[in-house]
Amino acid sequence: MNNTGTIYGINGPVIYLKGKTDFKMSEMVHVGEEKLVGEVIALDKDLTTIQVYEETSGLKPGEIVEATGSAVSVTLAPGILDNIFDGIERPLERIADTGGAFVTRGVSVSALDTDRLWDTHITVAEGDIVQGGTIIAEVPETRAIKHKCMVPPDISGKVVSVVPDGTYTISDTLVTLELADGTAKDLSMTQYWPIRVPRPVHHRYPASVPLITGQRILDTMFPIAKGGTAAIPGGFGTGKTMTQHQIAKWSDADIIIYIGCGERGNEMTQVLEEFGELVDPKSGNPLMDRTTLIANTSNMPVAAREASIYTGLTLAEYYRDMGYDVAIMADSTSRWAEALRELSGRLEEMPAEEGFPAYLASRLSAFYERAGMMQTLNGNMGSVSIIGAVSPQGGDFSEPVTQNTKRFVRCFWGLDKSLAYSRHFPAIHWLTSYSEYLNDLSGWYSDHVSPKFVDYRNRMMALLNQESSLMEIVKLIGGDVLPDDQKLILEIAKVIRLGFLQQNAFHKDDTCVSMEKQFKMMDVILYLYKTCRKLVAMGMPMSVLKAENIFEKVIAIKYDVPNNNIQMLDMYKIDIDNFYNRVLEKNA
Amino acid sequence: MGIEYLGLSSVNGPLVVLEGVQDAFFDEIVEFVIDSSTRKMGRIVELYEDRAVIQVFEGTENMSLQNTHTKLTGHPMEIAVSPDMLGRTFNGIGQPIDGLGPIVSDDMRDVNGLPLNPVRREYPRNYIRTGISAIDGLTTLIRGQKLPIFSGNGLPHDQLAAQIVKQASLGDNSDEQFAVVFGAMGVKHDVADFFQKTFEESGVADHVCMFLNLANDPVVERLITPKVALTVAEYLAFELNMHILVILTDMTSFAEAMREVSSSKGEIPSRKGYPGYLYSELATLYERAGIIEGANGSVTQLPILTMPNDDITHPIPDLTGYITEGQVVLDRSLHGQAIYPPISILPSLSRLMKDGIGAGYTREDHQDLANQLFSAYAKVGEARNLASVIGEDELSPIDKQYLKFGEEFEHHYIGQGPAENRSMMETLDLGWKLLSLLPKEELDRIDTKIIDKYYPQKAE
């Protein structure tokens, strides 16, 4: 076996080895004296191409490249949560402890803490027959999450010995198996999995449960299912990152994997700080207890940026296999696509649209298809939902990454520049966005929120659509000439836009809103519309209705009704009735 | 190390190829001696066994295949750093050009820098008061931020940057040291002179370190200038605990230089002929802003870029906007109305603003007030569009009020004198004064309690 090679050429993050090697595709290699981490990306009779996950300056031709024998993999064991990693699962905290404030090269630290002792409860007994996915031990990883150590997917056998409950490190042997061929196999908490291979599952369930985010425009208007996929495209400054932060903070997923792929360093620091302080409304524990951050900031090496998406995805699948609902925030998939383009350019591949490689679409589809609500190998139900931000050039959605992403996601939350300019946040535009999950989820909404929910939602959407066609006329001739029933539609649509769709992430009550409150708010708005329609039908002009201040009052519900006192919303219907009577009295 | 190579295999634009090199490494700096007299520097950008492709900083004029001696230096691009660099002027690759002699220091730094570990960053929270309402009130600059100015040719971005330097105060804490690192890439002589003069006049010249690569200086040098400038900035900030404002102008020339070199290397172009790594290159510059846990200093970046043909979707402003923490956009039509500074506020944004303002920093109403001004000004645009179709007289009374608000806002809030230094409270109060041109019911971005407290009471 010839598992070493010699560097022949260096071009940025891509290096070439001359001569025939026995390297395998996607195998992890150590490059040069500093043992930089790299991956084999092309093999030829006399040329091997390797992408290096670290800065290559200082490398010399003639230095040795060593194969490690395994594909680029992640380490899976307790200690992943409440942690921050770079794109190839190296813990940034430990790197900082050894290398200081700047990330130096060739740092060799193990992905997870191998010295830490974990309280372990063994869940199998001698004589049990176990297979891939069987839970062998439970470890309270954080206050919120119980880590379930499993038999690696490709192993099955009979338990011949177990250790008693106690404290163990992630590399201690917990269970010994006798495999079918009679050999013994020691299992610890740790397993490894190649990042580019999806972890196997039993089968896939159809989407049926929404991922509740506490954001009105998402939960009510364009819901995403647990195990679903969504894309948030938008130009810079339209609030992609804000929206992802809000979902990461308030969604009802069990685990959040936040991938900062080619984004800003300060943003990752902010997530770290904020999530350490904020408390999860469900469990009362800090949000970091259920969160893992993958930070490959834009100035870190480009090849690791490409890998970071897969690293995060593999961690997510691992927690899914334990039976958790995991949500991935990928910010941003465009940076990942650009990393592909950059590497493809270095390899002198034939470019397709806008310089992106022709395999962009197939890579994107393979990525999004790893989401889903699954029955895992051990019979649990778990899900991976993917929410990917897209940063299209100039905010133009016709560019290749947005267009190809649109083909593979079922939920599209289009951010709009003009909404962002007028500081309407979240700047998700109700006319360009869509969710294909609405029908799949309508059963859940009628069982868990109200049978009228979907009907109300559709009526609000209809009003917004009518507003948009009326606005075409208003733009040409002004609003004064419209008949009163149309003016009413404009006024109600404004209430919906400002009072319902717009949501203030910095307001303590408005930042996250329960489904019950969302429904009741819709109820009040539609009741106001019904009442006003009656008045308009009686010939009352809009100016009389507007003189009463009721519209402003309904718009302010989001601030005025605290989340712990939703019953207050019932009072608004009485206010609306009073308004009705007052208008009739005054203008009888 | 001592080997000298005689001759070259090829010379092509800013690139030369040298064959038979031994023990060279990627990114190494080499020295050329041409005709035993002229000295030049270069950097190895590609390496195939014993064949090195070298980028020559000072341009390849006079170099022939025979007359050049090449020597490997054994280190990547480095610069000697010292506190004495303040008050000095250097060329684009860090050699003194002010005639005051070389910088004597053993402290050499690799100009490429290293990525700052996010776990050791400190999230920026202290605002820098610039005295300019449109920035302080609506796109507040935060210490440790990177906030570019998107401008166009002929717009007063230089005046604006100079005014910010003059007025940027760091609060009352007087023992904090403040300095400016100025990196000029491909700027005109007049622009360099303007900055030099302004720094002298405002008395900050001895706290400024200038790196000048002028428009007729070698193109390749430009690729190094910002890196050198940022290396010095990081040294001053994180080791000497100073607060550094880095002004980089013009980022467009930097990107153009990159395209020029990339194309002579024969690389596959991506958008508009720029190389595929444009994003990564820009990011490694911009990301060198920030604050490190435990250090008292900070690096704040104020890059200036001229948008080709005022097009904000051009790859350079577009990629920049995705990396930086906001942008200040200048607008030609405001400039045409003689409004200074002509900041187009709708596309302008400061991402770090939300955490550096409000109670405890500026005033509790700041965020709501800013949102309301943005939203009201967006409506001004709609009202103007309508007025251009149906005429101003036909507008509804409320639209007319918006037009009035828009006029006042542009002339008195955005517009101010080039030497006018407004305090934060003046800026906030001015905002409320302008909002009082609109009826209270229109203020839909502000919490009712805040409106009651700050909305000016009118004597009807």
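Just above, that's the structure.
A brief look at the structure comes next.

Cut-offs used in this document
- Residues numbered from 1 in each chain as written.
- Chains lettered and ligands numbered in written order.
- Predicted model: local features only at pLDDT ≥ 70, side-chain atom pairs only at ≥ 80, totals over all residues.
- Heavy atoms only, no water.
- Helix = DSSP H or I, 4+ residues; strand = E, 2+ residues; numbered from the N terminus.
- Rg over C-alpha atoms; globule rule 2.2 N^0.38 Å.
- Buried < 20%, exposed > 50% of the residue type's maximum accessible area, 1.4 Å probe, protein only.
- Contact = heavy atoms within 4.5 Å.
- Areas by Shrake-Rupley, 256 points an atom, 1.4 Å probe, with all protein chains shown as cover.
- Lys, Arg positive; Asp, Glu negative; His and termini not counted.
- Charge placed at Lys NZ, Arg CZ, Asp CG, Glu CD.
- Buried area = accessible area lost by both parts, 1.4 Å probe.
- Salt bridge = Lys/Arg side-chain N within 4 Å of Asp/Glu carboxyl O.
- Polar contact = N/O pair within 3.5 Å; in protein donor to acceptor, adjacent residues only side chain to side chain.
- Nonpolar A, V, L, I, M, F, W, Y, C, P; charged D, E, K, R; others polar.
- Core = buried A, V, L, I, M, F, W, Y, C linked by side-chain atoms within 4.5 Å.

**Examining the overall build of chain A**
Broken down by element type, chain A carries 17 helices and 26 strands. The globule rule puts the C-alpha radius of gyration for 588 residues at 25 Å, and the 28 Å found for chain A is close to it. Taken along the three principal axes of its C-alpha coordinates, chain A extends 95 × 55 × 40 Å. Split into buried and exposed, the 588 residues of chain A put 60% on the buried side. Sequence separation of at least 24 residues holds for 70% of the intrachain contacts in chain A that already meet a minimum separation of 6. For chain A, the exposed surface amounts to about 21100 Å²; the carbon and sulfur share of it is 51%. The centroid of the 56 positive side-chain charges in chain A is displaced by 6 Å from the centroid of its 75 negative side-chain charges.

**Re the interface of chain A and chain B**
Interface size, as often reported, equals the accessible area lost upon joining of the parts. Listed by partner, the interface residues are 80 residues for chain A and 71 residues for chain B. Among the residues of chain A in contact with chain B, Phe236, Asn266 and Arg423 of chain A are the three that bury the most area, contributing 13% of the side total. Counting the contacts that link chain A with chain B gives 5 salt bridges. Residues arginine 120 of chain B and aspartate 97 of chain A are paired through a salt bridge, measuring 2.9 Å at the closest nitrogen-oxygen approach. Put simply, chain A and chain B have 29 residue pairs in polar contact (both at pLDDT 80 or more) between them. Ranked by residues supplied to the side of chain A that touches chain B, first place goes to helix α4 (residues 265–277) of chain A with 8 residues. Residues belonging to the side of chain A that touches chain B are distributed by class as follows: 27 nonpolar, 29 polar and 24 charged.

**Some points on the pattern of salt bridges**
As enumerated under the stated definition, the model contains 60 salt bridges over all chains in all. Between glutamate 274 of chain A and lysine 249 of chain A there is a salt bridge; the shortest N-O distance is 2.7 Å. Remark: lysine 249 of chain A occurs in helix α3 (residues 240–250) and glutamate 274 of chain A occurs in helix α4; sequence separation between them is 25 residues. A relative accessible area of 7% means that lysine 249 of chain A is categorised as buried. A salt bridge links aspartate 107 of chain B to arginine 109 of chain B, with the nearest nitrogen and oxygen atoms 3.0 Å apart. Residues joined in a network through salt bridges with shared partners are Glu39, Arg196, Glu306 and Arg363 of chain A.

**Some details on the nonpolar core**
All names here are of chain A. In this structure, Trp413 and Leu545 are the most contacted members of the largest nonpolar core, which totals 95 residues. The greatest single-element share of this core, amounting to 12 residues, is contributed by helix α13 (residues 515–537). Among all residues touching tryptophan 413, those that are not within four sequence positions of it are Leu218, Phe222, Ile224, Ala230, Ala231, Ile232, Pro233, Ile247, Ile387, Ile428 and Ser433. In terms of nonpolar packing, the next biggest core, distinct from the first, is built from 78 residues, Ile80, Ile257, Val326 and Leu360 among them.

By themselves these figures say nothing about function.
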